[in-house]
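Observations on chain architecture
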Amino acid sequence: MSQDPFYVTRIELIAYDKPYNEPVAHNVKASGAQQVNFYLKVAVDCAGEERVTAIEGGLGQRRGKPMAARYWDYLETVASRLMGSQLTSESLQSGNMPVAARKWVEATESLIDNAGPLDKRQWSKIQSAVTSTYKLLGKVFKALAQEEAVEKAASDAALVEALFSRAQNVLYLPEAAPPTYTYQPTIKGKPQTPSEPLSPNSSNDTVLMLPLGTMDAKSHLMERECVRQGYNVLRTGKGVFTADNNGQRFYFKLSRSPLVSIDAISLCTHKEATREFLAPLGFPVPRGRMFPAGDYDNATKFANLIGYPVVVKPATGVRGIGVVPNITSDTELKSAFHVLESSKLGHDDFIVEKHIFGEDYRIMVIGGTVRAATLRAPANVTGDGKHNIAELILIKNRYRQNIPHLKSRPIVFSEATRYQLDKQGLTLHSVPTAGKQIILSGSCNLSQGGDSVNILHEMHPSIIKVAEDAVKAVPGLDYCGIDFLIEDHRKPVGETDIGICELNAHAAIGTACYTMFGEPVNVPRDAIEEALVKHNLPLTPLPEDNIAVKVNIRGKVTGVGYRKWLARHAQRSGLKGHVKNVGPREVETVLQGSLVGITALTTACIRGPSEALPTSVRTTHLESAHFDEFTLIP
């Protein structure tokens with residue numbers, strides 16, 4: 001073995017969606033139980049000599065349930081610390097742990113956010129997790145020390161698919177170029193002029209929005225813009241809040257706002273009702289029909305009547321679940337029905353409609369004017385000639401982690417993914433050639449791992465007019481995400497195939513705000529400003545880098561670690577102020593700092609640590625506040 005140092009060049013970490021007793025790598029016993037819930041693969045390199053080993057382990061075991069989120073956060077932290085580390089050849093020859101190993105696994109206080117008394121006992125004050133991980137890495141180094149320990153099964157298709165079918169969370173830290181996006185549509189088999197390749201975005205808000213955890217960001221983004229305009233906020237649920245200022249009051253639920261009437265929501269909720277409303281008015285909608293669950297014989301006859309290709313989708317579907325496009329034969333239609341049935345909407349009514357060739361777009365219309373246009377490409381990866389499809393997925397998911405709206409929406413391996421790969425004659429261990437795009441999903445929905453690309457600056461004015469007119473046709477619809485299929489958004493209507501798929505009265509408001517590619521557009525800000533203008537109210541934005549609020553949280557919030565939880569998040573977000581108990585069921589905090597940091601925390605306050613049960617969070621603006629740090633008042 002060379003005496004030159006080795007470097008950790010690649011780490012693959014996969015958390016399983018439940019504990020498994022059938023290992024795909026070396027099994028590490030956890031508390032006597034032969035169950036594992038994560039897989040770790042480490043690659044080291046010295047002057048072109050690479051060694052790879054993989055191992056499984058158990059952490060945060062809960063009977064029949066996957067690893068708790070904080071344990072996964074801990075393992076991600078350890079993996080990130082390990083990545084790029086320099087290792088001496090002596091360490092690998094002997095199989096001994098390097099001196100720096102303790103620093104890799106050392107826990108920090110922030111790793112036990114949301115932990116209640118029971119959780120802390122399970123952690124044994126963090127030390128058990130540290131010890132388990134340290135021992136796990138010890139086994140990794142012993143395996144790397146053996147010449148024959150290179151994991152020859154790593155390229156085996158069955159292993160790769162076994163890992164991905166179990167995956168709940170994934171992390172991949174390679175030495176690889178970042179993914180890019182190039183727009184190049186094909187019309188009648190002829191590739192059009194490609195756009196310049198775009199690099200992935202990254203947002204500073206990602207860290208500031210960590211207190212939200214898995215909470216839906218729609219409500220938070222609306223609250224953020226209300227606070228920016230000087231409104232006080234009363235939050236009574238994770239997606240529900242009221243904003244008021246000088247007697248003027250607005251009510252919000254997720255992205256539903258005063259801009260949308262109940263009638264408009266009722267019409268837009270059902271895809272078939274939307275089609276029946278728009279078609280007689282002359283708007284471009286695909287020919288289609290709704291069928292009751294399981295009526296596949298009649299659906300097949302209808303598909304043959306209108307002619308292939310067709311699309312199958314749930315009638316009241318969300319997030320692209322169960323959608324299969326571009327079905328070209330009865331055989332493929334039968335497979336699509338299986339994909340639909342396998343989804344959680346598989347027992348609902350479904351629609352068969354004519355497939356429109358083109359990309360999927362979400363065009364945001366606020367106050368009758370298009371404010372943003374986002375191309376939503378289906379989950380995909382682009383080959384580099386080096387990495388297999390599984391690795392390319394992990395690489396792309398790493399960059400999705402840098403965007404708040406996509407952080408909890410990774411590309412995943414599912415029955416639908418297998419269906420798409422089978423159509424292309426590929427598997428997860430196939431290595432695509434450089435520049436070749438591999439489609440992984442039939443749905444363009446971001447929740448299924450799709451890309452978001454802002455392209456309004458390129459969109460032809462005639463398409464913009466169709467979008468504005470379609471939304472204006474629905475009374476009471478001053479906020480809408482209208483979904484289009486368009487062959488080439490740069491060409492006028494008439495020269496490009498175009499169709500309206502859906503009107504969404506409560507569209508995800510963060511889509512254009514936090515895109516994977518292209519210049520972000522602050523749609524939440526546009527929506528709140530439009531609501532104020534519509535009610536003849538002034539726009540009075542506050543400085544975003546320094547505001548001050550008082551927050552009163554009521555409910556089961558004392559004696560459950562609420563103040564410590566809030567103080568940790570405030571300090572991590574760079575906020576100043578203090579927190580204290582002001583009654584047996586009330587906590588009060590004063591926060592000073594950035595708009596994003598403060599509102600992310602005030603939104604998260606309705607959840608709090610795991611033992612807490614807050615019932616209301618009231619945020620009130622302060623004229624001024626001056627603090628040097630954030631303190632916890634006993």
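Up top is the structure these notes are about.
Okay, so let's go over this structure. (Residues numbered from 1 in each chain as written. Predicted model: local features only at pLDDT ≥ 70, side-chain atom pairs only at ≥ 80, totals over all residues. Heavy atoms only, no water.)

1. Considering the overall build of the protein chain
When helices and strands are tallied, the protein chain shows 18 helices and 26 strands. What you see for the protein chain is a C-alpha radius of gyration of 26 Å, in line with the 26 Å of a compact globule of 634 residues. In terms of overall dimensions, the protein chain has C-alpha extents of about 75 × 65 × 45 Å along its principal axes. Expressed as a percentage of the 634 residues in the protein chain, the buried residues total 55%. At a minimum sequence separation of 6, the contacts of the protein chain that also span at least 24 residues come to 73%. (Helix = DSSP H or I, 4+ residues; strand = E, 2+ residues; numbered from the N terminus. Rg over C-alpha atoms; globule rule 2.2 N^0.38 Å. Buried < 20%, exposed > 50% of the residue type's maximum accessible area, 1.4 Å probe, protein only. Contact = heavy atoms within 4.5 Å.)

2. Some points on unusual backbone geometry
Of the consecutive residues Tyr-308 and Pro-309, the connecting peptide bond is found in the cis state with omega at 5 degrees. By secondary structure assignment, the location of Pro-309 is in the loop between α11 (296-306) and β12 (310-314). Although it is not a glycine, Asn-246 adopts a positive phi angle of roughly 55 degrees. Turning to its location among the elements, Asn-246 is positioned in the loop between β9 (240-245) and β10 (248-253). Located in the positive-phi region is Asn-326, a residue other than glycine, with phi close to 50 degrees. Judged by its relative accessible area of 28%, Asn-326 falls in the partly exposed class.

3. Regarding the environment of Lys-564
Turning to its location among the elements, Lys-564 is positioned in helix α17 (residues 562-572). Along the backbone, Lys-564 and Gly-60 are 504 residues apart, and their C-alpha atoms lie at a distance of 22 Å.

4. Remarks on the packing of helix α9 (residues 262-269) against helix α10 (residues 271-278)
For any two helices packed against each other, one specifies the crossing angle of their axes together with the interaxial distance. Axis separation between α9 and α10 bottoms out at 5 Å; the angle between their running directions is 105 degrees. Considered as vectors, α9 and α10 are oriented roughly perpendicular to each other. Along the contact surface, α9 presents Leu-267, Cys-268 and Thr-269, while α10 presents Lys-271, Ala-273, Thr-274 and Phe-277. Taken together, the residues that form the contact of α9 with α10 break down as four nonpolar, two polar and one charged. (Axes fitted to C-alpha atoms, helices over the stretch in contact; angles between N-to-C directions. Parallel < 35°, antiparallel > 145°, perpendicular 65-115°, else oblique. Nonpolar A, V, L, I, M, F, W, Y, C, P; charged D, E, K, R; others polar.)

5. A closer look at helix α1 (residues 69-82)
Taking 1.5 Å of rise per residue, the 14 residues of α1 would be expected to cover 20 Å, and the 20 Å separating its terminal C-alpha atoms lies within 8% of that figure. Residues of α1 that are buried include every one of Arg-70, Tyr-71, Trp-72, Tyr-74, Leu-75, Glu-76, Val-78, Ala-79 and Leu-82, and no others. Phi turns positive one or two residues past the end of α1, at Gly-84, with a value near 85 degrees. (Expected span 1.5 Å × (residues − 1).)

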